[in-house]
Amino acid sequence: MVEIVLALLAGAALTAGPLLWSVRRAVRTARAATRRAAETDNRAQGAEVRARAAEHRARTGEERARTAEARAHAAEARHTLAEARYAAAVRESTHLAHERLPAAATALTHPRTPVPGPLDTAGGEELHRALDAVLAAAVRAALAERERTDAAARAALRGAASKIQALLIQVRSLLEEVQLSVDDPRLLALDFRNELTLRRVQSLAVLSGAWPGMTREDSPLAELCVGAQSRVAGYARIEITNHLREPRLAVAARAAEPVAIALAEILGNATAYSHPETRVVVAIEQGSSGALVVVDDMGVGMEPDQLERAGDLLDGQAEVLLTELGDPPQAGFAVIGLLCRQFGFGCRVEPSPYGGVRAILRLPADLLTLTDPAAPLSALAPRPITQSAPVFDAGDALPTRKRRTPRVPQQDAPSPLPAPASTTGAGTTPAGTTPDRARSAWSALQSGTAAGRSAVDRPARPEGPAAPEGVETP
């Protein structure tokens, strides 16, 4: 039995060997398949991970593409806005250079000139602020340069006027000496023209900020008017009427020469801007608060804007620049305004009832005094008309009488000839006038001129080093 079993087992073993090998091979194959499956699964998982990563990268790329597109659109919008702003800046800069800056420069001289604003008032506040800052800086620079240029011009004019004025006063002294020994009416004509030149130089000196160049004693107002008349080319057309209640009403020494300069400028304007065959009417009025000198011409008159500009100059509201007085300079009102502000009297202009311009020079009571009765008045000074009514009805009383140093009585001069209806210029002899009558008229004019000047005599000296600026060297 045992042998049979062993035999069966041996046979089975022999039969099972190949089977076992097959089983083992199947197991190995199964294990290999399992490994490959695992590897495949791993690869599949890796592929899935990679696929998810690729999908994520694709989504990220798509988002980046959208972001890039949005940035491209934003950049394009910014570029368009920048181009629009650049074009607006170019337009505003061009407008600033060609319109606003010239208008601002003109407004420095003519304040009523409108200065345009920016073209686009709706936006661009930063640009507008920047351009306004540029405009303000340019105006400040222009003002500084204008002041520097005008100061240099005033300094040069002041020095030149001082020297010329000194020479003219020396010429006056020499002419007066020659007239005492030579009887020639041409010397009087020469002296008259010297006075006209001196008046011009005095005006330039005032404009340049210098002292007028002459000192006076207290001077009767009527004599000042006659003296101012003697400084005007068309003196024969000027008719002075004296309505003073007090014949010896005088202007204080400190303001006498400035008042004479202002009156000469007013009379010069009146004769220059009216027909040579018309009169210039002057009325001297007195009130309880001062005195007036009213000058009426029959000229072309002034436009409203010209009257307004003249009023600003006379009131001191307008800046006086030498570089903006015109060519030739129109300096009359500027000179009067400077003298009014400096010495305390006033002047204004308005349309005249005669059709031209009326100028009113007002002298307050603190500039007036009364001269000594012992001091003789000029023979050419107009005598008061007592029936005239005073201009002022209220105010401070006139100052008390002030003694004046008596002057040497002048020689009796023949009465001047009546002013002709028309004149052809200063120094001409009217038709029908004899040489003797012409000589008498010139002598009377000389006497009136000397009385009107009333300058303190100082000895002449030979030409030497220039006097300091603002000090006259006769």
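Whatever comes next refers back to the structure up there.
Because the structure is predicted, anything quoted here is derived from the model rather than measured. (Residues numbered from 1 in each chain as written. Predicted model: local features only at pLDDT ≥ 70, side-chain atom pairs only at ≥ 80, totals over all residues. Heavy atoms only, no water.)

### What about the sheet that holds strand S1 (residues 219–220)?
Taken together, the three strands give an open sheet; going across it, the order is S1-S3-S8, and neighbouring strands pair in antiparallel fashion. Of all the strands in the sheet, just S1 and strand S8 (368–370) have a single pairing partner and so form its edges. (Pairing = 2+ DSSP bridges. Helix = DSSP H or I, 4+ residues; strand = E, 2+ residues; numbered from the N terminus.)

### Quick look at the side chain of Thr278
Along the chain, Thr278 turns up in the loop between helix H5 (253–272) and strand S4 (280–286). Within the structure, the side chain of Thr278 is placed 2.6 Å from the backbone oxygen of His275, a separation counted as a polar contact. The residues contacting Thr278, other than those within four sequence positions of it, are Arg237 and Met298. (Polar contact = N/O pair within 3.5 Å; in protein donor to acceptor, adjacent residues only side chain to side chain. Contact = heavy atoms within 4.5 Å.)

### So, the state of the cysteines
On inspection of all chains with the given rule, the structure shows zero disulfides. In this model Cys340 remains outside any disulfide bridge; the closest cysteine sulfur is found in Cys347, 5.5 Å from its own. Judged by relative accessible area, Cys340 falls into the buried class, the value being 6%. Overall, Cys347 belongs to the buried group, its relative accessible area being 7%. (Disulfide = S-S within 2.5 Å. Buried < 20%, exposed > 50% of the residue type's maximum accessible area, 1.4 Å probe, protein only.)

### Let's talk about the sheet that holds S4
Taken in spatial order, the five strands line up as S2-S4-S5-S7-S6 in an open sheet, and their pairing is mixed. Each edge of the open sheet is held by one strand with a lone partner, namely strand S2 (238–242) and strand S6 (346–351). Ignoring strand direction, the axes of neighbouring strands in this sheet form an average angle of 15 degrees. Note that strand S5 (residues 290–296) and strand S7 (residues 357–364) share seven bridges and pair antiparallel. What sits directly across from Asp296, in S7, is Arg358. Relative to S2, helix H4 (residues 221–229) is tilted by about 180 degrees, and along the sheet it contacts S2, S4, S5 and S7. (Axes fitted to C-alpha atoms, helices over the stretch in contact; angles between N-to-C directions.)

### As for the packing of aromatic side chains
Taken as a whole and assessed by the stated rule, the structure comprises one aromatic pair. On the basis of an interplanar angle of 70 degrees and a centroid distance of 5.2 Å, the ring pair of Phe192 and Tyr235 is categorised as edge-to-face. Within this pair, whereas Phe192 is found in helix H3 (residues 185–207), its partner Tyr235 is found in the loop between H4 and S2, the two being separated by 43 residues in sequence. Like Phe192, the residue Tyr235 is buried in the burial classification. (Phe/Tyr/Trp six-rings, centres within 6.5 Å; stacked < 30°, edge-to-face > 60°.)

### What to know about the pattern of salt bridges
Scanning the model with the defined rule gives 14 salt bridges in all. Its salt-bridge partner being Arg66, residue Glu62 comes within 3.0 Å of it at the nearest N-O pair. Placement of the pair is Glu62 and Arg66 together in helix H1 (residues 2–109), with a separation of four residues, close to one helical turn. Looking at Glu62, the relative accessible area reads 45%, which means it is partly exposed. (Salt bridge = Lys/Arg side-chain N within 4 Å of Asp/Glu carboxyl O.)

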